[in-house]
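# Observations on chain architecture
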Amino acid sequence: MSQTAFEQLYEEIFPFWREIADGDRAYICRNSRSVVYPKGKNIHDGNECSGVILVRSGSLRLSIMSDEGKDITLYRLHKGDMCMLSASCVLSAITFDVFIDAEEDSACYVISGPAFAAVSERNPAIKIFALETAVSRFSDVMWVMQQILFMSMDRRLAIFLSDEAARTGTDTITYTHEQIARYMGSAREVVSRMLKYFASEGIVEVLRGGVRILDKKRLRQLAH
């Protein structure tokens, strides 16, 4: 992708773009690249400054992991979303490790973390934007923690299935029990038991490698 194309893109998405010097804009564009991550690829393991990631297509999953190896999905990024938590050199106040994986083949634009950090040091507007972008995602993180700590499993599963159906526009959720458990921060056995219960109530049909929603009204009632 050309520097001019990056310039046009960033003018549309960065509110600070016209406030910074021509040289800084050119520097950010020169240190940008277009990348396609294959499904299952680990993009960021918390040990380096991977950069600012903008999702063009596909889906990325952000998670944290316990010392025992159990991970919890914080949130997912889709087309048009931006990730700042992968740029630890920009957000030095973020001291916990975040893992980012491609849920499916994902095309992204990536701005070098050190380059973005260097320009942000000269431009407070960039640092403010980076912090505001990161903070805006913490409402998603708190929602996940609230579900894990305070909600019953049937309600959490109903919320997950309802949200996925709304996001994808289909009643068939093409995730395995293991994947659903990982997204919800639960165990596969627990998810399987709850799906079996939902199926016995006629709310869903359990498929090979997926779940089909049969009764949206009942599912919404459980979610609320």
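Going by the structure above, here's the rest.
These lines cover the structure that appears in this document, whether it is placed above or below. Not measured: the values here are computed from a predicted model.

### Some thoughts on the overall build of the chain
Counting its regular elements, the chain contains nine helices and 11 strands. Taken along its principal axes, the extent of the C-alpha atoms in the chain is 65 × 35 × 30 Å. Going through the 224 residues of the chain one by one, you find that 47% of them count as buried. Here the chain contributes 27 positive and 29 negative side-chain charges, whose respective centroids are spaced 5 Å apart.

### Side note on the nonpolar core
With 42 residues, the main nonpolar core has Y10, F14, L60 and F116 as its most contacted residues. Sequence-distant contacts of F14, that is, excluding residues within four places in its chain, are made with M82, I111, F116 and F129. Y183, M184, V204 and V211 belong to the second-largest nonpolar core, a separate cluster that totals 24 residues.

### Brief notes about the pairing of strand 3 (residues 52-57)
Note: strand 3 against strand 8 (residues 106-111), five bridges, orientation antiparallel. By the bridge assignment, S57 is partnered in strand 8 with A107. In the sheet, strand 3 pairs with strand 6 (residues 82-83) via two bridges, with the strands oriented antiparallel. Within strand 6, the position partnered with I53 by the bridge is C83.

Criteria and cut-off values
- Residues numbered from 1 in each chain as written.
- Predicted model: local features only at pLDDT ≥ 70, side-chain atom pairs only at ≥ 80, totals over all residues.
- Heavy atoms only, no water.
- Helix = DSSP H or I, 4+ residues; strand = E, 2+ residues; numbered from the N terminus.
- Buried < 20%, exposed > 50% of the residue type's maximum accessible area, 1.4 Å probe, protein only.
- Lys, Arg positive; Asp, Glu negative; His and termini not counted.
- Charge placed at Lys NZ, Arg CZ, Asp CG, Glu CD.
- Core = buried A, V, L, I, M, F, W, Y, C linked by side-chain atoms within 4.5 Å.
- Contact = heavy atoms within 4.5 Å.
- Pairing = 2+ DSSP bridges.

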